[in-house]
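# Structural overview
Single-letter residue listing:
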Amino acid sequence: MFAFSDISIKRKLTFIIMVTSTITLVLAGAAYFTYDVLTLRDAMVRNVTMLSEIIGANSTADIVFGDQKSAEENLAKLGFNPHIVASCIYGKGGKVFASYLRKDMAGKLTLPALHEDGHHFGTDSLTQFRRIYLDNKPVGAVYLQYDLSELRA
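Being a predicted model, the structure only gives us computed values, none of them experimental. (Residues numbered from 1 in each chain as written. Predicted model: local features only at pLDDT ≥ 70, side-chain atom pairs only at ≥ 80, totals over all residues. Heavy atoms only, no water.)

## Focus: helix α2 (residues 68-76)
Every buried residue of α2 is accounted for by A71, N74 and L75. Projection of α2 onto a plane perpendicular to its axis shows the buried side chains occupying an angular sector of 95°, all on one side. Buried residues along α2 sit against α1 (9-65), β1 (84-90) and β2 (96-101). (Buried < 20%, exposed > 50% of the residue type's maximum accessible area, 1.4 Å probe, protein only. Helix = DSSP H or I, 4+ residues; strand = E, 2+ residues; numbered from the N terminus. Arc of directions from axis to C-beta. Contact = heavy atoms within 4.5 Å.)

## Considerations on the sheet that holds β2
Strands sit in the order β2-β1-β5-β4-β3 across an open sheet of five strands; the sheet is antiparallel. The two strands at the open ends of the sheet, each matched to only one other strand, are β2 and β3 (118-121). Direction aside, neighbouring strands of the sheet carry axes that sit 10° apart on average. Bridge analysis of β3 against strand β4 (residues 125-134) gives four bridges, and the strand direction is antiparallel. Bridging from a neighbouring strand, H119 pairs with Q128 of β4. Relative to β4, α1 is tilted by about 35°, and along the sheet it contacts β1, β2, β3, β4 and β5 (137-147). Strands in contact with α2 are β1 and β2; relative to β2, the strand with the most contacts, it is inclined by about 30°. (Pairing = 2+ DSSP bridges. Axes fitted to C-alpha atoms, helices over the stretch in contact; angles between N-to-C directions.)

## A short note on the packing of aromatic side chains
According to the stated counting rule, one finds two aromatic pairs in the structure shown. Judged by centre distance (4.9 Å) and plane angle (40°), the rings of F129 and Y143 are tilted. Of this pair, F129 sits in strand β4 while Y143 sits in strand β5, and the two are 14 residues apart along the sequence. Take F129 and Y143: they sit in the same class, and that class is buried. Taken together, the ring pairs connect Y90, F129 and Y143 into an aromatic cluster. The ring of F121 has R41 sitting right over it, with the charged end atom 3.7 Å from the ring centre. (Phe/Tyr/Trp six-rings, centres within 6.5 Å; stacked < 30°, edge-to-face > 60°. Lys NZ or Arg CZ within 6 Å of the ring centre and 35° of its normal.)

## What to know about the nonpolar core
Within the largest apolar cluster, 22 residues are counted, with the highest numbers of intra-cluster contacts made by I55, L75, L78, I84, I89, L126 and L144. No other element matches the six residues that α1 contributes to this core. Setting aside its immediate chain neighbours within four residues, L126 contacts M44, V45, V48, H119, H120, F121, L144, Q145, Y146 and L148. By size, the runner-up hydrophobic cluster in this structure holds five residues, among which are Y90, F129, A141 and Y143. (Core = buried A, V, L, I, M, F, W, Y, C linked by side-chain atoms within 4.5 Å.)

Shown next, in the form of structure tokens:
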């Protein structure tokens, strides 16, 4: 068998430098990958939060006046974003007031019951609940489900 002690000093130093460089490159790559994933996750949360706030602001009057058709039209515009899987607006009592499902998800997905405000990363999607307020009183809530295909890419 080949013993490390039988190798010349030049080859030992070359070996040590190569091992050190390889470990450094692997660690740097792992750090960069981790940073990139965390940054993308934060950007996705900001994007979903912004969308839910816009939907909530545009749907306040719809909820208060019971205009379900207008709320459905607002949610249908989410179809322009291919990453939005589902969305709904909850009215009084936590009941679904209006909803949107991406075309490929029709019949495959059920909308969840109303939860606390916040976001949650699942295995294949990011979900967010956000309350809708009028004069500092909650009148409803928005639910958004965003797929993680961006993150996997």
